[in-house]
Amino acid sequence: MEGTRRRRATVNDVAIEAGVSRGTVSRVLNGQRYVSDDARAAIDAAIAKVGFVPNRAARSLVVQRSQAVGLIVHEPHSLFVEDPNIASILLGANSALSEADYQMACLIADSARDVDRLTHYLSGGLIDGVIVVSARVGDPITRAVRDLGLPAAFVGHPRDLGSAAYAAIDNRNAAREITTRLIGTGRRRVGMIAAALDRDSGADRLAGFVDALGGDFDPSLVQRIPLYSYSDGQAGMRALLERAPDIDGIFASSDAVAAGAMEVLQSSGRSIPGDVGVVGFDDSSWALRCDPPLSTVHQPATELGRAAAESVLRQLAGADPEPIVLECPVVWRASA
């Protein structure tokens with residue numbers, strides 16, 4: 001009888017039964033590959049259990065997209081404002097997405113609470129894919145993106161990404177090259193202010209510095225700091241000068257860090273490059289604000305953002321994720 005006919009099962013029923021988001025169910029039904037094996041198995045079992053049968057109307061909902069891609073920056077709010085690389089990455093990504101008629105949603109993760117909030121947001125089906133900036137090894141955002149099966153590209157290359165797409169530079173080789181050039185100016189006591197060692201860029205820049213020094217590497221001439229920031233550069237330089245007042249060369253792991261170090265050196269009466277040669281990394285606006293202008297490594301931040309966005313768009317069109325590595329040449333100026 002009509003009154004006892006069972007209600008047709010929906011995508012929402014499948015999602016509830018499988019314990020996943022509606023968007024994840026939609027990606028499986030739409031034949032997209034970026035869903036974890038566990039989630040796919042749970043969805044297949046839920047479809048069988050609730051008796052879901054797609055019809056033409058349901059299919060149109062399945063293939064619907066939000067036309068939005070999230071750009072997640074896992075950094076403190078203060079660094080988001082201070083770091084010109086983040087702004088350049090954002091502009092590059094937005095340019096590529098705009099050309100494809102996609103909207104970019106900028107999301108900042110500054111705390112554990114932010115991460116929980118973002119994870120919940122990502123599971124709501126409000127965005128089609130994500131670009132992640134400054135992910136760390138073991139990052140909960142990386143895990144959430146993987147578990148949700150979202151098309152994603154990372155700016156940088158954390159070691160636990162597996163086969164995920166990324167756009168990056170060769171931080172280790174570039175750091176080795178600029179440190180070698182600094183040593184070649186005749187410096188004998190070369191130290192490093194090493195920032196952000198919890199992510200691939202910071203760890204690789206330190207590794208390149210160690211490579212360049214070889215047997216002359218002195219771990220007491222490395223000062224570790226948390227962030228790529230001007231104030232951390234100041235603090236790191238003060239600590240190094242206390243331990244090694246005869247230091248005559250500094251590799252700072254970002255231009256902002258180098259600018260902070262140069263301010264401390266000059267305030268202490270040391271001339272640059274006469275007494276101490278200083279080099280940085282990024283070739284950002286900080287490099288030209290320094291006096292003298294900073295020798296550095298050119299990081300193509302705008303191009304990295306564009307490449308990451310284009311990778312997400314290709315994945316949304318059905319392509320496999322793939323790595324992208326861009327050139328990062330040394331730019332030699334007057335600071336060393």
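Scroll up for the structure.
Residues numbered from 1 in each chain as written. Predicted model: local features only at pLDDT ≥ 70, side-chain atom pairs only at ≥ 80, totals over all residues. Heavy atoms only, no water.

Undergrad: Any chance you could explain the overall build of the chain here in plain terms?
TA: Within the chain one finds 14 helices and 12 strands. A total of 336 residues make up the chain; the buried ones form 53% of that total. The contacts in the chain between residues at least 6 apart in sequence include a share of 72% that link residues at least 24 apart. Carbon and sulfur atoms make up 52% of the accessible area of the chain, which totals about 14800 Å². (Helix = DSSP H or I, 4+ residues; strand = E, 2+ residues; numbered from the N terminus. Buried < 20%, exposed > 50% of the residue type's maximum accessible area, 1.4 Å probe, protein only. Contact = heavy atoms within 4.5 Å. Areas by Shrake-Rupley, 256 points an atom, 1.4 Å probe, with all protein chains shown as cover.)

Undergrad: Would you explain the pairing of strand S4 (residues 152-155) in this entry?
TA: The side chains of a regular strand alternate, first on one face of the sheet and then on the other. Burial along S4 is two-sided: Ala152 and Phe154 facing one way and Ala153 and Val155 facing the other are all buried. For strand S3 (residues 129-133) and S4, the ladder comprises 4 bridges, and the chain directions are parallel. Bridging from a neighbouring strand, Val132 pairs with Phe154 of S4. Once you follow S3 into helix H8 (residues 140-148) and on to S4, the crossover reads as right-handed. Here S4 pairs with strand S5 (residues 165-169) via 3 bridges, running parallel. Of the residues in S5, the one forming a bridge with Phe154 is Tyr166. (Pairing = 2+ DSSP bridges. Right-handed = clockwise from strand over helix to strand, strands pointing away.)

Undergrad: Is there a simple way to think about helix H7 (residues 112-122) in this case?
TA: Residues lying three or four places apart along an α-helix face the same way, a consequence of the helix completing one turn every 3.6 residues. Of all the positions in H7, only Asp114, Val115, Leu118 and Leu122 are classed as buried. On an axial view of H7, the arc spanned by its buried residues comes to 100°, and they lie on one face. More than 90 degrees from the buried face of H7, the exposed residues found are Ala112, Arg113, Asp116 and His120. Summarising the contacts, the buried residues of H7 are in contact with strand S1 (68-73), helix H5 (77-82), strand S2 (103-108), S3 and H8. (Arc of directions from axis to C-beta.)

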